[in-house]
Amino acid sequence: MAKQTVVVTGMGAVSPLGLDVASLWQGLTTGQCGIGPITHFDASAYACRVAGEVKGFDAASSGLELKDTKKCDRFILLGLAAMREAMAQAGLLGVKDLPEAQRERMGVILGTGIGGLASIEDAKDVVNSRGPGRISPFFIPAMLPNMLAGQASILYGLQGPNVCPVSACATSAHAIGWGKRLIEWGEADLVVVGGAEATVCPTSMGGFAAMRALSTGFNDTPEQASRPFDAARDGFLMGEGAAVLVLESEAHAKARGAAILGKVAGFGQTADAGHMTLADGRGSARAMKLALDDAGLQPTDIGYVNAHATSTPAGDELEGASLANMFGKHVPVSSTKGATGHLLGAAGALEAVISLMALREQVLPATLNLQNPATSGLDLIAGEARKVNGMKAVLSNSFGFGGTNASLVLTV
């Protein structure tokens, strides 16, 4: 059986730049920054006191009833809100009314890098202060990583494959790639893919700081803290949020009259099999090459790369070297984490949404705070967003702890 062409028919995003895709895109193209002082808890004693929080979020936007929102961790609610936007754009809010035989061909692959860490913290506080008998019966389903996918399946009645990848910062890029594979080989007609993260909480911020992974030198100027590829970068900034895409076979989308936003043309996944937190560059290069091969494209066909670059000294340098070796100065590159921070397991899907918007609008978002590039051999977009013409393909990278790598190629 010939492989199915995989298209995108819906996108949703909840990010530090706003509560929908339009706000995210406007923020990126006008140079806004979503990083600010932490408000979720008292961070005054922490080495890093700033993060990319989602502001003004209303749990009702998840689509759940109020009584059910109280049973969910924040990452689940953020993910369901992003999914609701994506499903609305795809014309699928009433999908539960479709015949069961159709819904059995519709899957969910929604992941998270960490899951309900805040719920775990809260439960531990209850044990310490009030005893184990006072733990909520909803604690376990609130914190389980797969419950975003589970709640999504229940809410919309999707009875096909239901999977939760957990692969650190490559999580939601894997979700997109695996959804692509399910559709290509005929195991599903439609798959909702993406990820969510909500770990601006004490143990997460303390733990990443203990690893010396977080920026600590810009607590008084949070909007300057996340600076991918810049010589003054000193670590990443935690972000929270979610992004979801609706993938379908092209034939399925056309049969129901859905508007096609773009195609997921290529996917590559590899492992470094080296250091547990530091990539060596070779694995990421192979992931990019595999994604290009899967799409049937050459490096010269790519019009823009949304880099994984998180603003860590070593990580940006290694990715920059791989990009320079593959694309040189022929392909513009930026990292949008300067504006959003690093959404960990949600980063890959958020940046896939951004990449698809760049492709559709023919506008390339800039890297915030890129004042003194520390990486040579690249066409780095700094200062202002760049208008282009005729761009037909973009590449988005996501790399994670454990040496896991995922690259996506999106086309018109």
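Everything here concerns the structure above.
From a predicted model like this one, the values you see are computed outputs, not experimental measurements.

Novice: How should the nonpolar core be read in this particular structure?
Specialist: Burial of nonpolar side chains together is a common tendency in soluble globular proteins. Core analysis: the largest hydrophobic core is formed by 50 residues, its most contacted members being M11, I176, L245 and L247. In terms of residue count, helix α14 (residues 347-361) provides more of this core than any other element does, ten residues in total. Among all residues touching M11, those that are not within four sequence positions of it are V21, E85, A86, Q89, V244, L245, L261, V353, L356 and M357.

Novice: So what exactly am I meant to see when it comes to the pairing of strand β1 (residues 6-14) here?
Specialist: Walk down a regular strand and you will see the side chains alternate between the two sheet faces. The buried count for β1 comes to nine of nine residues, which makes it a mostly enclosed element. Note that β1 and strand β7 (residues 241-249) share eight bridges and pair antiparallel. Its bridge partner lying in β7, M11 is registered against L245. Relative to strand β8 (residues 262-271), β1 runs antiparallel, the two sharing two bridges.

Novice: Explanation requested: helix α3 (residues 74-89) in the structure shown.
Specialist: Three- or four-residue spacings in an α-helix give side chains the same orientation, since the helix completes a turn every 3.6 residues. In this model, α3 (16 residues) spans 23 Å end to end at C-alpha, consistent with the 22 Å of a helix rising 1.5 Å per residue. Restricting attention to buried positions, one finds in α3 the residues F75, I76, L77, L78, G79, L80, A81, A82, M83, A86 and M87. Residue D73 occupies the N-cap position of α3, its side-chain oxygen lying 3.0 Å from the main-chain nitrogen of F75. G91 sits one or two positions beyond α3 and adopts a positive phi of about 70°.

Novice: Looking at this structure, how should I read the packing of helix α8 (residues 171-184) against α14?
Specialist: Helix packing geometry: the angle between the two helix axes and the distance between the axes. α14 packs onto α8 with a crossing angle of 65° between their chain directions and a minimal axis gap of 5 Å. Contacts between α8 and α14 pair S172, A173 and I176 from the former with A347, G348, A349 and A352 from the latter. Across the contact of α8 with α14, the residue classes break down as five nonpolar, two polar and no charged.

Novice: In this structure, what is going on with the sheet that holds β8? I would like to understand it.
Specialist: Taken together, eleven strands build an open sheet; the order of strands is β5-β4-β6-β7-β1-β8-β15-β14-β9-β10-β12 and the sheet is mixed. The sheet is open, and its two borders are formed by β5 (162-163) and β12 (379-380), each paired with just one other strand. Relative to strand β10 (residues 332-334), strand β9 (residues 304-306) runs parallel, the two being bridged by two bridges. Counted as the bridge partner of N306 is S334 from β10. Lying over the sheet, helix α12 (residues 313-327) contacts β9, β10 and β14 (393-400), oriented at roughly 150° with respect to β14.

Rules behind the numbers
- Here the residue numbering is sequential within each chain, running from 1 through the sequence in written order.
- The predicted nature of this model means local features are confined to residues of pLDDT at least 70 and side-chain atom pairs, given and counted, to a pLDDT of 80 or more, with totals for whole chains, interfaces and linings taken over all residues.
- As a rule here, side-chain values come from all non-hydrogen atoms in the structure, and water together with hydrogens is ignored.
- In this text, buried Ala, Val, Leu, Ile, Met, Phe, Trp, Tyr and Cys residues form a nonpolar core when linked through side-chain atoms within 4.5 Å.
- Burial classification: accessible surface area is computed with a 1.4 Å probe over protein chains only, and a residue below 20% of its type maximum counts as buried, one above 50% as exposed, and the rest as partly exposed.
- The helix count covers DSSP runs of H or I at least four residues long, the strand count covers runs of E at least two residues long, and both are numbered beginning at the N terminus.
- Contact definition: two residues touch when any of their heavy atoms are within 4.5 Å.
- Strand pairing is defined by DSSP finding a minimum of two bridges between the two strands.
- Expected span of a helix: the number of residues minus one, times 1.5 Å.
- The term polar contact refers here to a pair of N or O atoms within 3.5 Å; inside protein, the definition further demands a hydrogen-donor-capable atom paired with an acceptor-capable atom, and it admits residues adjacent in sequence only when both atoms are side-chain atoms.
- Only C-alpha atoms enter the line fits that serve as axes; for helices the fit covers just the stretch in contact. Angles between N-to-C directions range over 0 to 180 degrees.
- Each residue is assigned to one class: nonpolar for Ala, Val, Leu, Ile, Met, Phe, Trp, Tyr, Cys and Pro, charged for Asp, Glu, Lys and Arg, and polar for all the others, Gly among them.

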